[in-house]
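Breakdown of the fold
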Amino acid sequence: MIRDRGLMDMSEDGSQGLSDRKGEEMASGHHGSEGGGEAHVGGGDEPHDMGGREAHRRGGHHGRMLQDFKKRFFVSIAFTVPVLALSPMIQSFLGFEIVFQGSFQLLFALSSIVYFYGGWPFLKGFSTELREKKPGMMTLIAVAISVAYLYSSAVVFGLAGKFFFWELVTLIDIMLLGHWVEMRSIMGASRALEELVKIMPSEAHLIRDDGVEDVGIDLLKLGERVMVKPGEKVPVDGIVLEGKSSVNESLLTGESKPVGKEEGSQVIGGSINGEGSLIVEVSKTGRGTYLSQVVDLVSQAQESRSKTQDLADRAALLLTLIALSVGAITFAAWLHYGREFAFAIERAVTVMVITCPHALGLAIPLVVAVSTSLAANSGLLIRDRGSFERARGLEAVVFDKTGTLTRGEFGVTEVIDLAGVGEDEVLRLAASLEAKSEHSIARGVVKSAEEEGISPDPADEFESMAGKGVSGTVDGRRLLVTSPGYLEEEGIRLDDDRVQAAKEGGKTVVILLEDEKPIGALALGDSVRPESKEAVKRLKSMGIRCIMLTGDNRYVAEEVAGELGLDEFFAEVLPHQKAEKIREVQERYRVAMVGDGVNDAPALAEADVGIAIGAGTDVAVETADIILVRNDPRDVVSIIGLSKKTYSKMFENLIWATGYNAFAIPLAAGVLYGYGILLSPAVGAVLMSLSTVIVAVNAKLLKM
């Protein structure tokens, strides 16, 4: 199996990304073998290791690798100039002559420096591939430059023939340049992990009994308190104890709108505090933090195997064997047809160089790196590549209701005017009373009023009546918000079909009384998310059926399904029955299950693609294949769209990386020699490098 090991494997501490390993193997020459051993994910136990020293270590490592290739390239170029000047073929072509005692020996010495110094990564990689019995790109390059070097050296020391040191050194120069450029592309494609670890600040303002002390975040312990000043990054995951502010979480979740934070709110390490100061209690440290888990998940996704990659691996191995075979056949054929030894060797070398499966080795991993990074930056975390790729062929999406299609909290779904005062007035008066209550129904009423742009007025003589409701005076009017049961106890008659229909539909109904007379009613329920309607509409436009799975009664399910325009629904389904329902749907369609990852776990595991939505800071939902950070079902559409585009890029890269050889190999072998078309090894290296660059650029176009 031939692939660029660095594109897929993880380091021992799990934080080493694609570009880090890639650079290491390029420097060592191990470029084309498959890594062994167990892959580990996750960073160090402390966030500071991930965000501070670790990021610095990796950044320095990347820089060293780039500098190594850059140095080898420029040193080789420096020696290439005199090699070209001393080469008889170049002198003949340009019309000058430089010959002196020992000039050929000097040419040999200069070329030897380029061969051993510039060619070292390829020679070392060749040794590794032979040891692991997995010939690949390094084998082809090493064989090509070694044949050219050894034959030319033999000519210098007496063998009849002609040497082509200039082809040797220019080939090495171009291969070094190609690897250098390629490595820069790979580092750019996998920069998501590096950018993520850079998000976390290195210090926090720890609040002690005797004042505030700045400490490294690796020293923070659970339960300790830290101060976050306006404009600073939140140092760690925690709960707001004091203060009120807005926090920008866009770098972490993809949500561009600042999120309001107050006492009791959760904050995520790495997010940016807005205008107010916050006192935060540390709730998670080290690998338990949101950012650390995101890094783990992105690492897992980049490491996990793609089915398309298996095809690329087999094609690359086959291509390597073809290159070696065709190279040998080309050499023998030209000798058979009477061409000189040097010409036959040059043709064989060109075949091996131009056929290097370099583009194939990058075709899939680069797309994987770009798509995973793109998804992570948008709050879409891919844990399993296979499931992500299957998402492109989904025929149905099954949604959990509560917390997925709906808000998962009380909200006013209907305002009923019983006395002609107007619906907005009913909502305003009820919210004015409920504003002083902490009950979940009260919070739902107040929030619904705010969403409608209705501001509650101050309530006087407020009183909370246990089990009955709340009362008070608003604008001099004596009001009471209570349950239908209170009306029955007090013998207050209320005959209204709308109120009865709301109760039969499973809604919670509260009545607004003025001087013991009903003037309005509010029906509360788990309100549908506005974004759910758009998600369903877009999925259906893609030809994907939308189905709901809920434990709620049939009346509630039917109302939600009708409001969203769902194709079908299953109601009154117990948690342990959800997986069974998924199997039923799978008999008809390829299915994704979208849920909150708690009581939906069996169904998430059963579905072809399991998607956990609204994960918040609990991103490690073990049963989900894909995790959507935001509580937004529209991200399901984004995942399917990205899956389709990713597959298209993989397919395009495979077609290019393999198809290019269909004309490159015969051209390199010299089939058009009779027409005056002949490629040198250096030109072959340019074409091979160009194919690699095209694959890398095409992968990056996924971002567009």
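Calculation criteria
- Residues numbered from 1 in each chain as written.
- Predicted model: local features only at pLDDT ≥ 70, side-chain atom pairs only at ≥ 80, totals over all residues.
- Heavy atoms only, no water.
- Pairing = 2+ DSSP bridges.
- Helix = DSSP H or I, 4+ residues; strand = E, 2+ residues; numbered from the N terminus.
- Salt bridge = Lys/Arg side-chain N within 4 Å of Asp/Glu carboxyl O.
- Buried < 20%, exposed > 50% of the residue type's maximum accessible area, 1.4 Å probe, protein only.
- Contact = heavy atoms within 4.5 Å.
- pLDDT = per-residue confidence, 0-100.
- Axes fitted to C-alpha atoms, helices over the stretch in contact; angles between N-to-C directions.
- Expected span 1.5 Å × (residues − 1).
- Arc of directions from axis to C-beta.
- Parallel < 35°, antiparallel > 145°, perpendicular 65-115°, else oblique.
- UniProt positions renumbered as here; feature names shortened; annotations may be inferred.
- Phe/Tyr/Trp six-rings, centres within 6.5 Å; stacked < 30°, edge-to-face > 60°.
- Lys NZ or Arg CZ within 6 Å of the ring centre and 35° of its normal.

**Brief notes about the sheet that holds strand 9 (residues 278–282)**
A sheet is described by the order of its strands in space; here 6 strands give the open sequence 2-1-3-9-4-7, paired in antiparallel fashion. Each end of this open sheet is capped by a strand with a single partner; those strands are strand 2 (211–216) and strand 7 (266–267). Relative to strand 2, strand 1 (residues 203–208) runs antiparallel, the two sharing 6 bridges. Its bridge partner being in strand 2, H205 is matched across the sheet by D214.

**Looking at the pattern of salt bridges**
All told, the structure shown has 23 salt bridges when counted by the stated rule. We note a salt bridge from R498 to D496, for which the minimum N-O separation is 3.1 Å. A residue is classified by how much of its surface remains accessible, and R498, at 38% relative accessible area, is partly exposed. Between R538 and E534 there is a salt bridge whose closest N-O contact spans 3.4 Å. Placement of the pair is R538 and E534 together in helix 21 (residues 530–541), with a separation of 4 residues, close to one helical turn.

**A closer look at unusual backbone geometry**
The backbone of D475 shows a phi angle near 55 degrees, a positive value even though the residue is not glycine. Assessed through its relative accessible area of 51%, D475 is described here as exposed. Positive phi is not limited to glycine here, since E572 has a value of about 55 degrees. Along the polypeptide, E572 turns up in the loop between strand 19 (568–570) and helix 23 (578–586).

**Observations regarding the side chain of D635**
Following the sequence through the fold, D635 ends up in helix 25 (residues 634–669). According to the relative accessible area criterion, D635 is buried, its value standing at 3%. The contacts of D635, once residues within four sequence positions are left out, are L380, L628 and R630.

**Thoughts on the environment of K71**
Mapped onto the elements, K71 comes out in helix 3 (residues 47–86). Judged by relative accessible area, which is 53%, K71 ranks as exposed.

**Let's talk about the confidence of the model for the protein chain**
Per-residue confidence for the protein chain averages 78 on the pLDDT scale, and 78% of its residues sit at or above 70. At the level of individual helices and strands, the protein chain shows its lowest average pLDDT in helix 1 (residues 5–8), which scores 28, and its highest in strand 18 (residues 545–549), which scores 95. Predicted confidence for residues 1–60 stays below pLDDT 50, and this span has 167 contacts to residues more than four positions away or in other chains. A low-confidence stretch, residues 616–620 stays under pLDDT 50, and its non-local contacts, those more than four residues away or across chains, total 15 contacts.

**As for the sheet that holds strand 22 (residues 626–628)**
Pairing in this open sheet of 7 strands is mixed, and the strands run 10-22-21-20-11-18-19 from one edge to the other. Of all strands in the sheet, those bounded by a partner on one side alone are strand 10 (380–382) and strand 19. With strand direction ignored, the average angle separating the axes of adjacent strands in the sheet is 20 degrees. Relative to strand 22, strand 21 (residues 609–613) is paired through 3 bridges, and the arrangement is parallel. Bridge pairing in strand 22 links A612 to I627. In this fold helix 22 (residues 554–564) packs onto strand 18 and strand 19, with an angle of close to 155 degrees to the strand it touches most, strand 19.

**Focus on helix 21**
In this model helix 21 runs 18 Å from its N-terminal to its C-terminal C-alpha over 12 residues, within 8% of the 16 Å that 1.5 Å per residue would give. When we look at burial in helix 21, the residues that qualify are E531, S532, A535, V536 and L539. Down the axis of helix 21, the sector holding all buried residues measures 135 degrees, keeping them to one side. Exposed positions of helix 21 whose direction lies more than 90 degrees from the buried face are P530, K537 and S541. Among the structural elements, strand 11 (396–400), helix 16 (401–405), strand 17 (517–528), strand 18, helix 22 and helix 25 are those in contact with the buried residues of helix 21. Directly after helix 21, the chain includes G543, whose backbone phi takes a positive value near 80 degrees.

**Describing the packing of helix 21 against helix 25**
For the pair helix 21 and helix 25, interaxial distance at closest approach is 7 Å and the crossing angle is 30 degrees. As summarised for this structure, helix 21 and helix 25 are arranged roughly parallel, according to the angle between their axes. Contacts between helix 21 and helix 25 pair E531, E534, A535, R538 and L539 from the former with R634, V637 and I640 from the latter.

**Quick look at the UniProt feature "transmembrane region" (unreviewed entry) in the protein chain**
The feature "transmembrane region" (unreviewed entry), as given by UniProt, occupies residues 73–94, 106–123, 135–157, 163–181, 315–337, 357–382, 654–676 and 682–702 in the numbering adopted here. The span residues 73–94 is 95% helix and 0% strand, and its two end C-alpha atoms sit 25 Å from each other. Annotated as 70% helix and 0% strand, the span residues 654–676 places its first and last C-alpha atoms 31 Å apart.

**A short note on helix 23**
Along helix 23, the positions that sit buried rather than exposed are K578, A579, I582 and V585. Projection of helix 23 onto a plane perpendicular to its axis shows the buried side chains occupying an angular sector of 115 degrees, all on one side. Along its buried surface, helix 23 packs onto strand 11, strand 18, strand 19, strand 20 (591–595) and helix 24 (601–606).

**Considering the packing of aromatic side chains**
Across all of its chains, the model carries 12 aromatic pairs by this definition. Taken together, a centroid distance of 5.0 Å and an interplanar angle of 80 degrees make the contact between W334 and F343 edge-to-face. In this pair, the class of W334 matches that of F343, namely buried. An aromatic cluster is present here, built from F108, Y115, F116, Y149, F157 and F165 joined pairwise through their rings. R339 extends its terminal NZ or CZ atom over the ring of F343, reaching a point 4.2 Å from the ring centre.

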